[in-house]
Amino acid sequence: MIEKDNKEIQERIEKIIEKVKALPTLSLVVAKVIQVVSNPLTSASDLSKIITVDQALTAKVLRLANSAFYGFPFRIQNIAHAVSILGFDTIRNLALTVSVYKIFTGEGKEGFSHQEFWKHCVGVAICASLLAKKIKYKSSEAAFTAGLLHDIGKNFFEQYMHKEYVEVFKYVKDNKVPVYEAEKRLIGIDHSELGKLMAEKWNLPIELKAGIAYHHYPEQEKDEQVMAYIINAANILCKQKGIGFAGDDIIEPISKEGRLLLNLDGTYEEMIMNSLETEIKEAEAFFNMPQY
Ligand SMILES: [Fe+2]
Ligand SMILES: [Fe+2]
């Protein structure tokens, strides 16, 4: 595949938009979870009732709640207990992530290791949550989930445009450009722009959309710019640290604005890097998450 002219690219993008529209919806249970969590009148027992309808989701949430990542010194036996301990936002975000990744299953094909890719996503999630806590961002939980989902557009390309995506990876290697640049040149749209369409299709909360859509161009996000910068920086720090692999190893600097907004200086960066290492070890429960 060579770099294509405008008309061809335009047609291709239109086809992609059609495919995004045709993507499966998130499960009904998850749609309901998102809805009730945003209602201030919802009780823990309302939320538990909705989740327990979906047995597989229930099992997954319990497994995660009992994992070393959360590190509770006791066993969480049921969803009602998990909801009261982890809180509405965590439960919503776990349900959301499980549901989104359920749409993209299957073994990684040539040029794309699912395992390394997922490791990258978990790393970015953890790092984003650390950065969010540091600046007291309104929800470190949302930063975590945005991190897990930030590169979701790559899953789409890999699953629905596999042949073209193999070319993209080859182009990245030969030309030493970042994946998003190669996607732009060869396909005409990159995974973050595509992720934005997916976030809109699924009605994801706006802060998640910001992290997904603008993690490569945080300066362009207007409403939830802090989140865009959090995911941008988390992505860069994880690449620096070599956690997982998402297609290229080009490390771009964190911009001045980003550093300022995130209060990120050399000392703090080092601290984040160290915590990241420990937390990654404890996050094993997340590594098996896509195999729902
Ligand atoms: Fe990305
Ligand atoms: Fe990434």
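Up top is the structure.
Reference entry: report on the structure contained in this document.

Scoring rules and cut-offs
Residues numbered from 1 in each chain as written. Chains lettered and ligands numbered in written order. Predicted model: local features only at pLDDT ≥ 70, side-chain atom pairs only at ≥ 80, totals over all residues. Buried ≥ 20, exposed ≤ 12 C-beta atoms within 10 Å, placed from the backbone. Helix = DSSP H or I, 4+ residues; strand = E, 2+ residues; numbered from the N terminus. Arc of directions from axis to C-beta. Contact = placed C-beta atoms within 7 Å. Core = buried A, V, L, I, M, F, W, Y, C linked by C-beta atoms within 7 Å. Axes fitted to C-alpha atoms, helices over the stretch in contact; angles between N-to-C directions. Parallel < 35°, antiparallel > 145°, perpendicular 65-115°, else oblique. Left-handed = near helix turned anticlockwise from the far one by under 90°. Nonpolar A, V, L, I, M, F, W, Y, C, P; charged D, E, K, R; others polar.

## Digging into helix H5 (residues 79–86)
For H5, every residue scored as buried is listed here: Ile79, Ala82, Val83 and Leu86. One face of H5 carries all of its buried residues, which in axial projection span an arc of 100°. Here the buried face of H5 lies against helix H3 (44–52), helix H4 (55–65) and helix H6 (88–103). Glycine 87 lies just past H5 and shows a positive phi near 90°.

## What about the nonpolar core?
With 82 residues, the main nonpolar core has Cys127, Ala128, Leu131 and Ile230 as its most contacted residues. Of all the elements, helix H7 (residues 114–134) adds the most residues to this core, at 11 residues. Excluding residues within four positions of it along the chain, alanine 128 makes contact with Ala143, Phe144, Ala146, Gly147, Ile230, Ile231 and Ala234.

## Here's the deal with the packing of H4 against H5
Direction vectors running N to C along H4 and H5 enclose 50°, while the axes themselves pass 10 Å from each other. By the angle between their axes, H4 is oblique relative to H5. Crossing angle aside, the handedness with which H4 passes H5 is left-handed. Residues Thr58, Val61, Leu62 and Ala65 of H4 lie in contact with H5, whose contacting residues are Ile79, Ala82, Ile85 and Leu86. Here the residues of the contact of H4 with H5 are counted per class, giving 7 nonpolar, 1 polar and no charged.

## Quick notes on the environment of tyrosine 229
Locating tyrosine 229 in the fold gives a position in helix H14 (residues 225–241). In this structure the C-alpha to C-alpha distance between tyrosine 229 and serine 255, which are 26 residues apart in sequence, comes to 9.1 Å.

## Things to note about the environment of histidine 150
The residue histidine 150 is located in the loop between helix H8 (140–149) and helix H9 (152–160) in this model. Its 31 C-beta neighbours within 10 Å are what place histidine 150 among the buried residues. Expressed as a C-alpha distance, the spacing of histidine 150 and serine 84, which sit 66 residues apart in the sequence, is 28 Å. Not counting chain neighbours up to four residues away, the residues in contact with histidine 150 comprise Val124, Gly211, Ile212, His215, Ile231 and Asn235.

## Concerning unusual backbone geometry
Here the phi dihedral of lysine 136 falls at roughly 55°; this positive angle occurs in a residue that is not glycine. With respect to the helices and strands, lysine 136 occurs in the loop between H7 and H8. Residues other than glycine seldom take positive phi values, yet asparagine 263 does so here, at roughly 55°. Residue position: asparagine 263 is located in the loop between helix H15 (256–261) and helix H16 (266–282).

## Regarding the packing of H7 against H14
Two elements in contact, H7 and H14, have axes separated by 8 Å at closest approach and are oriented at 125°. Judged by the angle between their axes, H7 and H14 are oblique. Along this stretch, H7 crosses H14, giving a crossing that reads as right-handed. Contacts from His120, Gly123, Val124, Cys127, Ala128, Leu131 and Ala132 of H7 reach H14 at Ile230, Ile231, Ala233, Ala234, Asn235, Leu237 and Cys238. Taken together, the residues of the contact of H7 with H14 break down into 11 nonpolar, 3 polar and no charged.

## Details of helix H13 (residues 206–214)
Among the 9 residues in H13, 8 count as buried, and that is most of the element. When we look at burial in H13, the residues that qualify are Glu207, Leu208, Lys209, Ala210, Gly211, Ile212, Ala213 and Tyr214.

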